[in-house]
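In case you want the letters, here they are:
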Amino acid sequence: GPEVRVGILLERSVEMVVAVLGVLKAGGAYVPLDLKAPAERLAFMLEDAQVPLLLCTHAKRDMFTRYQGMSVCLDSEWEQVAQQGTENLPTRVTPENLAYVIYTSGSTGRPKGTLITHGGLHNYLCWALQHYPVAEGTGSPVHSPLSFDLTVTSLYTPLLSGKRVRLVPEEAGVDGLVEALQSGERFSLVKLTPAHLEV
């Protein structure tokens, strides 16, 4: 429900996309956690964001011995998930409610959580749909972590325009992005940093 923060610690996968969309549909706010971040940083973020629920895998759940919240391991608990209702959820969310909490790198000290509202996300995505030619191609590669803000553009804008996303495996790194770009697929949008362009 509104203002409930849900940690997402999953590899770039269909399950990750379903988790993000599920949290938003339920009216909650997701807290993306980077798989490559140190366990201490992730534990700090879970505590700082007051996350009562963590969506993860069984192996990753064991990283957090002091985490007091509930967890759902999406690689081993599908039977319990399948027992939940399938009816469409009523929404009580308003534009002022949180959509996600994204943390800074912490390079100047402790990481700080930035609170993004449903209204702010909606406004940005409406702008992106008007200014990026996402309807013209096949969609977008998603090659960056969910905890990196450029992923918002490459994940949501194709889906909102009826296109697909190509999830580049995390272990493939920049080579996976290069392979996607050389595949001949006519992407609508590729969101890159200057460092990516140099590579």
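As the structure is a computational prediction, the values presented were derived from the model and not from experiment.

Draft legend 1. Spatial organisation of the overall build of the protein. A tally of helices and strands in the protein yields eight helices and eight strands. Here the C-alpha coordinates of the protein stretch approximately 45 × 35 × 35 Å along the principal axes. Burial analysis of the protein (199 residues in total) assigns 41% to the buried set. Long-range contacts, defined as pairs at least 24 residues apart, comprise 62% of the intrachain contacts of the protein with a sequence gap of at least 6. In the form shown here, the protein has an accessible surface area of approximately 11,200 Å², with 55% of it arising from carbon and sulfur atoms.

Draft legend 2. Examining the environment of Phe44 more closely. Considering the arrangement of structural elements, one finds Phe44 in helix H2 (residues 39-48). Along the sequence, Phe44 and Pro111 sit 67 residues apart, while their C-alpha atoms lie 8.7 Å from each other. With residues near it in sequence (within four places) discarded, Phe44 still touches Tyr103, Arg110 and Pro111.

Draft legend 3. Just the nonpolar core, in detail. Counting 23 residues, the largest nonpolar core has Ile8, Tyr30 and Tyr156 as the members making the most contacts within it. Elements with a contribution of two residues or more to this core: strand E1 (5-8), helix H1 (14-25), strand E5 (98-103), helix H5 (118-131) and helix H6 (150-160). It is H1 that contributes the most residues to this core, six residues altogether. Those residues in contact with Ile8 that sit more than four places away from it in its chain are Met16, Ala19, Val20, Val23, Tyr30, Val31, Pro32, Leu33, Leu54, Leu55 and Leu146.

Draft legend 4. Region of the structure containing the packing of H1 against H6. At a minimum axis separation of 12 Å, H1 and H6 run at an interaxial angle of 75°. Relative to H6, the element H1 lies roughly perpendicular. Every residue of H6 that contacts H1 at Val17, Val20, Leu21 and Leu24 is listed here: Leu155, Tyr156 and Leu159. In the contact of H1 with H6, the residues fall into seven nonpolar, no polar and no charged.

Draft legend 5. Summary view of H6. The element H6 is extensively covered by neighbouring structure, given that nine of its 11 residues are classed as buried. Those residues of H6 that sit buried are Leu150, Thr151, Val152, Thr153, Ser154, Leu155, Tyr156, Thr157 and Pro158. Contact partners of the buried residues in H6: H1, strand E2 (29-32), E5, H5, strand E7 (139-142) and strand E8 (164-167). Positive phi appears at Gly162, one or two residues downstream of H6, with a value of about 80°.

Thresholds applied
- Residues numbered from 1 in each chain as written.
- Predicted model: local features only at pLDDT ≥ 70, side-chain atom pairs only at ≥ 80, totals over all residues.
- Heavy atoms only, no water.
- Helix = DSSP H or I, 4+ residues; strand = E, 2+ residues; numbered from the N terminus.
- Buried < 20%, exposed > 50% of the residue type's maximum accessible area, 1.4 Å probe, protein only.
- Contact = heavy atoms within 4.5 Å.
- Areas by Shrake-Rupley, 256 points an atom, 1.4 Å probe, with all protein chains shown as cover.
- Core = buried A, V, L, I, M, F, W, Y, C linked by side-chain atoms within 4.5 Å.
- Axes fitted to C-alpha atoms, helices over the stretch in contact; angles between N-to-C directions.
- Parallel < 35°, antiparallel > 145°, perpendicular 65-115°, else oblique.
- Nonpolar A, V, L, I, M, F, W, Y, C, P; charged D, E, K, R; others polar.

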